Amino acid sequence: MQKRVLFLGGAYAQIPIIQEAKNRGWYIITCDYLPDNPGHKLADEYHNVSTTDFQGVLELAKQVKPDFVIAYASDPAAPTAAYVSEQLGLPGNAYKSVQLLSEKDLFRNFLLENGFNTPRSISIIDDNDISKASSLNFPIIVKPTDSSGSKGVTKVDSSSEIKKAVDYALSFSRNKRAIAEEFIDNSLGDIHGDGFVIDGKLAFSYLGDHIYNSKSNIFNPCGTTWPSKISEKKISQLEQDVDKLIQVSGFSNGPINIEARINKEGKAFIMEIGPRSGGHFVPQAIKYGTGFDMVKAILDSLSSRKIIVTNNNNLSSAYYALHSDDEGVLKSIVFKKELKPYIKEYHQYIHPGEKVYSFQGANAAIGVLLLLFSSQEEMDYYIENMNKFVEIQLEA
């Protein structure tokens, strides 16, 4: 019998899993509030329902009767998918476990209660909480509890700046909660990658190093290089901590997105565990480096097929988000011939004549490059000099 799947979202980065489900002969239903998103063109049905509208998606699911509800590479949609799947008795993770990983203040409290390294933090709802945040050691980071893509984040150096930072964070928050937490430096490592959980245990992970070069938002990464330069011992310990965290959290199956920092004292802090795959085609970049197909594993897990975990290559792969610190209209993108042999995939979000926004958040990317190199040194050279090999021109 033909499987029916409801995908929450049809953005560029969600196309790989929609296409894989289509290749399997499944009936594809998509929804979000952006009817022009490219993934909808692959669907058998599209419905204009926001992916963060719990009741709206639940009513849609009752109507279209899917076998699975999937939120791929989307933080905001992950709790919705878990909630709807739980309400309808469909395969998926417990809503409480997904909510715990999705909301930053809940996650910080969870880390503290279970003995993990975590910065001191205050959940902020009103002015009284803003006053409490002044007791933290500065600098502090203020951000929304339920947003993603580095949106609404401010580094604060004094009490007088907190209110403005909180107002900015809340402008990006759906649940109208912000969090203030003590800043953790990333002197020895800023780690990022995806993992895959099978029966409550971390069965796969591939961790790399975040890249930052945006002046618009210094907290918004523009890419990741794999594997990480951090010692294998540190990475192994971090993976053990993630495994322990997952087991305690109740998250049972599927992809996770991992972010961690190692401070100047060598202490590792798990900053975020997203209950979904990384955006910007991170699973595809990881596949080039390891051979593990995250997309197929997600669909296999939901349909109770055996998942084959591979991590045989450890090749030097990367994703790089093309971006601009300035706003304007895109005129052209020119790739120098030296870079072209290393480009495995190029996904262009913004096209000539369309508006370009400054790189305040991940959603302001112009496009994404997936790259594969023969060595770490070669990769470092091209990534560090990317502005020499890619020229983005805006109309005057």
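For the structure itself, consult the block above.
Calculation rules
Residues numbered from 1 in each chain as written. Predicted model: local features only at pLDDT ≥ 70, side-chain atom pairs only at ≥ 80, totals over all residues. Heavy atoms only, no water. Core = buried A, V, L, I, M, F, W, Y, C linked by side-chain atoms within 4.5 Å. Buried < 20%, exposed > 50% of the residue type's maximum accessible area, 1.4 Å probe, protein only. Helix = DSSP H or I, 4+ residues; strand = E, 2+ residues; numbered from the N terminus. Contact = heavy atoms within 4.5 Å. Pairing = 2+ DSSP bridges. Axes fitted to C-alpha atoms, helices over the stretch in contact; angles between N-to-C directions. Phe/Tyr/Trp six-rings, centres within 6.5 Å; stacked < 30°, edge-to-face > 60°. Lys NZ or Arg CZ within 6 Å of the ring centre and 35° of its normal. Polar contact = N/O pair within 3.5 Å; in protein donor to acceptor, adjacent residues only side chain to side chain. Parallel < 35°, antiparallel > 145°, perpendicular 65-115°, else oblique. Nonpolar A, V, L, I, M, F, W, Y, C, P; charged D, E, K, R; others polar.

*Asks:* Give a description of the nonpolar core that names residues and reports values.
*Replies:* Counting residues in each nonpolar core, the largest one holds 60 residues, and the members touching the most others are Ile17, Ile70, Leu339 and Leu371. Of the residues forming this core, the biggest block, six residues, is contributed by helix α10 (residues 294-302). Every residue in contact with leucine 339, bar those within four places of it in the chain, is listed here: Leu369, Leu371, Tyr382, Met386, Phe389 and Val390.

*Asks:* Explain the sheet that holds strand β10 (residues 201-211) to me, and be specific about the residues and the numbers.
*Replies:* By definition, the strands of a sheet pair up through backbone hydrogen bonds, in either a parallel or an antiparallel sense. Strands sit in the order β13-β12-β9-β10-β11-β14-β18-β16 across an open sheet of eight strands; the sheet is antiparallel. The sheet is open, and its two borders are formed by β13 (268-274) and β16 (343-348), each paired with just one other strand. Strand-to-strand twist in this sheet, taken as the mean axis angle between neighbours without regard to direction, amounts to 25 degrees. Judged from the four bridges that link them, strand β11 (residues 223-226) and strand β14 (residues 316-322) form a sheet pairing that is antiparallel. If you follow glycine 223 over to β14, its bridge partner there is tyrosine 320.

*Asks:* Break down the sheet that holds strand β2 (residues 27-32) for me, citing the residues and quoting the values.
*Replies:* Taken in spatial order, the four strands of this open sheet run β3-β2-β1-β4, and their pairing is parallel. Pairing within the sheet leaves two strands with one partner each, and these edge strands are β3 (45-48) and β4 (68-70). Pairs of neighbouring strands in the sheet enclose a mean axial angle of 20 degrees, with direction left out of account. Running over the sheet, helix α2 (residues 54-64) touches β1 (4-8), β2 and β3 and is turned about 160 degrees from β1.

*Asks:* I'd like a rundown of the environment of phenylalanine 281, residues and numbers included.
*Replies:* When you line up the elements, phenylalanine 281 lands in the loop between β13 and α9 (282-290). By relative accessible area, phenylalanine 281 is classed as buried at 2%. Sequence-wise, phenylalanine 281 and alanine 73 are 208 residues apart; in three dimensions their C-alpha atoms are separated by 8.4 Å. When sequence neighbours within four positions are dropped, the list of residues in contact with phenylalanine 281 reads Tyr12, Ala13, Pro16, His347, Tyr349, Val368 and Leu370.

*Asks:* Describe in detail helix α5 (residues 104-113), supporting the description with residues and values.
*Replies:* Among all positions in α5, only Lys104, Asp105, Phe107, Arg108, Phe110 and Leu111 are buried. With its phi angle positive at about 80 degrees, glycine 115 sits one or two positions after the end of α5.

*Asks:* Kindly report on the packing of aromatic side chains, identifying the contributing residues and their values.
*Replies:* Centre distance and the angle of the planes are the two values used to describe a pair of aromatic rings. Tallying each qualifying case throughout the model produces 17 aromatic pairs. Judged by centre distance (6.4 Å) and plane angle (20 degrees), the ring pair of phenylalanine 107 and phenylalanine 110 falls under stacked. Of this pair, phenylalanine 107 and phenylalanine 110 both sit in helix α5, three residues apart, roughly one helical turn. Relative accessible area serves as the criterion here: at 2%, phenylalanine 107 is assigned to the buried category. Site record: aromatic cluster; members linked through ring pairs are Tyr342, Phe373, Tyr381, Tyr382 and Phe389. In this arrangement the basic side chain of lysine 244 is found over the ring face of phenylalanine 116, its NZ or CZ atom lying 5.2 Å from the centre. One Lys or Arg, lysine 355, reaches over the ring of tyrosine 357 and ends 5.6 Å from the middle of that ring.

*Asks:* An account of the side chain of glutamine 14 is requested, with residue identities and associated values reported.
*Replies:* Residue placement: glutamine 14 occurs in the loop between β1 and α1 (15-23). A relative accessible area of 8% places glutamine 14 in the buried class. Reaching out from glutamine 14, the side chain makes a polar contact with the backbone nitrogen of alanine 11 at a distance of 2.7 Å. Side-chain polar atoms of glutamine 14 contact the backbone oxygen of tyrosine 72, separated by 3.1 Å. Contacts of glutamine 14, omitting those with residues within four sequence positions, involve Leu8, Gly9, Tyr72 and Ser74.

*Asks:* Kindly report on the packing of helix α3 (residues 78-88) against helix α4 (residues 95-102), identifying the contributing residues and their values.
*Replies:* Viewed as axis vectors pointing N to C, α3 and α4 meet at an angle of 170 degrees, and their least axial separation amounts to 8 Å. One way to sum up the angle between α3 and α4 is to call them roughly antiparallel. Residues Ala78, Pro79, Ala82, Tyr83 and Glu86 of α3 lie in contact with α4, whose contacting residues are Tyr95, Val98 and Ser102. Classifying every residue of the contact of α3 with α4 gives six nonpolar, one polar and one charged.

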